[in-house]
Amino acid sequence: MGGSPSKPAETPELDQPWRNFDWGEKDKLKEHLEYFQLKSQSLTHIKILVAGQIGAGKSSFINSVVSAFQGKIISVAQTDASDSAISHSFTQTLKAYRIRRADADLPFEICDIMGLEPHTLLGIQPDDVVKTIHGHVKEGYKFTENPIGHKNESYKETPSLSDQAFCLVYVVDANTIQFSSNDNILIEKLRLIRKRISDEGIPQVVVLTKVDELCPLVKKDLQKVFYSKKIREAVRMCNSKIGVPMNLIFPVKNYHEETQTNDVADVLILNAFQQIVCTANERLSHGFSHCSD
Ligand SMILES: Nc1nc2c(ncn2[C@@H]2O[C@H](COP(=O)(O)OP(=O)(O)O)[C@@H](O)[C@H]2O)c(=O)[nH]1
Ligand SMILES: [Mg+2]
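The text that follows walks through the structure, step by step, so that each part is easy to find.

Calculation rules
Residues numbered from 1 in each chain as written. Chains lettered and ligands numbered in written order. Predicted model: local features only at pLDDT ≥ 70, side-chain atom pairs only at ≥ 80, totals over all residues. Heavy atoms only, no water. Axes fitted to C-alpha atoms, helices over the stretch in contact; angles between N-to-C directions. Helix = DSSP H or I, 4+ residues; strand = E, 2+ residues; numbered from the N terminus. Parallel < 35°, antiparallel > 145°, perpendicular 65-115°, else oblique. Contact = heavy atoms within 4.5 Å. Left-handed = near helix turned anticlockwise from the far one by under 90°. Nonpolar A, V, L, I, M, F, W, Y, C, P; charged D, E, K, R; others polar. Phe/Tyr/Trp six-rings, centres within 6.5 Å; stacked < 30°, edge-to-face > 60°. Buried < 20%, exposed > 50% of the residue type's maximum accessible area, 1.4 Å probe, protein only. Near = heavy atom within 4 Å. Polar contact = N/O pair within 3.5 Å; in protein donor to acceptor, adjacent residues only side chain to side chain. Expected span 1.5 Å × (residues − 1). Pairing = 2+ DSSP bridges. Salt bridge = Lys/Arg side-chain N within 4 Å of Asp/Glu carboxyl O.

### Section: the packing of helix α2 (residues 58-70) against helix α8 (residues 263-285)
- Put simply, α2 and α8 touch, their axes get as near as 9 Å, and they point 105° apart. Considering their axes alone, α2 and α8 lie roughly perpendicular with respect to each other. Touching F61, S64, V65, A68 and F69 of α2 are D266, I269, L270, F273 and I276, all from α8.

Following this line, the structure appears as structure tokens:
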């Protein structure tokens with residue numbers, strides 16, 4: 001108004017993508033993962049630990065990886081559709097999933113450590129996450145607010161190489177990273193974990209879920225994810241708050257209500273998963289063996 005040229009409305013879309021991405025590489029990714037060679041002769045599979053708040057989309061991510069491999073919607077991990085912010089009743093049990101193609105197990109195991117909550121005393125405590133990474137916690141253990149002790153029957157005193165995790169994946173709901181008032185406690189918990197395991201060289205990556213909910217542009221067309229200002233902002237926020245490098249933060253849209261898989265969602269999920277297992281494998285090649293807590 002007032003004679004000055006009107007400012008163009010702020011558009012949610014960038015002219016150039018904030019990350020280059022090849023949407024046509026689904027078959028290549030699948031093949032690479034199906035013939036994946038672990039950098040250790042003594043392991044049949046490599047363990048990856050998935051942690052994050054209840055409702056962040058951990059189970060959905062595990063289901064999405066399996067679905068992308070099998071070409072149909074598969075539900076191996078139970079998802080929780082209830083209001084996750086108030087539902088803390090979901091049992092927090094350590095659970096492991098093997099990734100399969102149609103006829104055989106692939107050399108990957110994903111462990112879901114469940115609710116890392118943004119309250120000081122709620123959910124799993126950082127020390128238990130670290131112990132799980134080190135392979136001390138047996139599958140099926142039910143986490144409580146009290147850290148697992150050496151005397152517990154689910155505590156493994158001398159874990160083997162296959163009990164140990166070689167990558168920690170934080171699953172973060174893209175909608176909560178900017179706005180949560182409880183953020184600080186969760187971020188503090190993540191920092192505590194990060195401090196402990198970074199010293200040991202255990203890599204950490206972020207899977208940023210629900211990008212469709214955060215950005216209407218992406219909801220309409222998932223391929224806009226790398227053109228979305230909102231998603232770029234959420235990735236930057238993860239980087240500055242959690243401290244994981246930008247190139248290890250992967251935005252995804254999980255399968256959660258679909259009845260069929262599709263190439264666009266598949267390639268985003270498979271790419272994230274490939275980066276995770278490559279990062280873990282790299283760590284394995286350094287001959288990691290944890291010895292002290
Ligand atoms: N729109 C959307 N919803 C999702 C996505 N991932 C998970 N959800 C939904 O979020 C809720 C919690 O997911 P769930 O996988 O159970 O979270 P978990 O507690 O971390 O295992 C469920 O209702 C899912 O359907 C996503 O990428 N997009
Ligand atoms: Mg779950």
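### A look at the packing of helix α1 (residues 26-34) against α8
- Axis separation between α1 and α8 bottoms out at 9 Å; the angle between their running directions is 35°. With respect to the hand of their crossing, α1 and α8 are arranged in left-handed fashion. On α8, the residues touching K26, L29, K30, H32 and L33 of α1 are D263, D266, V267, L270, N271, F273, Q274, V277 and C278.
- Partitioning the contact of α1 with α8 into residue classes produces seven nonpolar, three polar and four charged.

### What about the packing of aromatic side chains?
- Following the criterion strictly, the structure yields eight aromatic pairs and no others.
- With centroids separated by 6.4 Å and ring planes inclined at 85°, the aromatic side chains of F69 and F273 adopt a geometry described as edge-to-face. In this pair, F69 sits in helix α2 while F273 sits in helix α8, placing the two residues 204 residues apart along the sequence.
- What makes F69 buried here is its relative accessible area of 4%.
- An aromatic cluster is built from W18, F21, W23 and F226, whose rings are joined through pairwise contacts.

### Quick look at helix α3 (residues 126-133)
- The buried fraction of α3 is high, at seven of eight residues.
- Burial in α3 covers these residues: P126, D128, V129, V130, K131, T132 and I133.
- In the segment just after α3, G135 is the residue with positive phi, at about 90°.

### Considerations on the site of ligand 1
- Neighbouring ligand 1 are 17 residues, the closest being G55, S60, D80, D212 and N254.
- For ligand 1, an oxygen atom lies 2.8 Å from a polar atom in the side chain of S59.
- Where the shell around ligand 1 is concerned, the elements lending two or more residues are α2 and α5 (211-214).
- Split by residue class, the shell around ligand 1 holds three nonpolar, eight polar and six charged.

### Some details on α2
- For α2, spanning 13 residues, the distance from its first C-alpha to its last is 19 Å, which sits close to the expected 18 Å at 1.5 Å a residue.
- In terms of burial, α2 is largely enclosed, as twelve of its 13 residues are buried.
- All of the buried residues along α2 are K58, S59, S60, F61, I62, N63, S64, V65, V66, S67, A68 and F69.
- Of the residues trailing α2, G71 is marked for its positive phi of about 75°.

### Concerning the pairing of strand β1 (residues 46-52)
- Summarising burial for β1: seven of the seven residues are buried, a large majority.
- One ladder, built from five bridges, connects β1 with strand β4 (residues 165-173); its direction is parallel. Paired with A51 across the strands is Y170, a residue of β4.

### Comments concerning the pattern of salt bridges
- Tallying each qualifying case throughout the model produces eleven salt bridges.
- K229 is paired through a salt bridge with E10; the nearest N and O atoms lie 3.1 Å apart. With K229 in helix α7 (residues 229-242) and E10 in the segment before α1, the pair connects residues that are 219 residues apart, well separated along the chain.
- In this structure, K131 and D127 form a salt bridge, with 2.6 Å as the shortest nitrogen-oxygen distance. Taken as a pair, K131 and D127 lie in helix α3 at a separation of four residues, close to a single helical turn.
- Sharing partners across several salt bridges, the network here consists of K26, D263 and D266.

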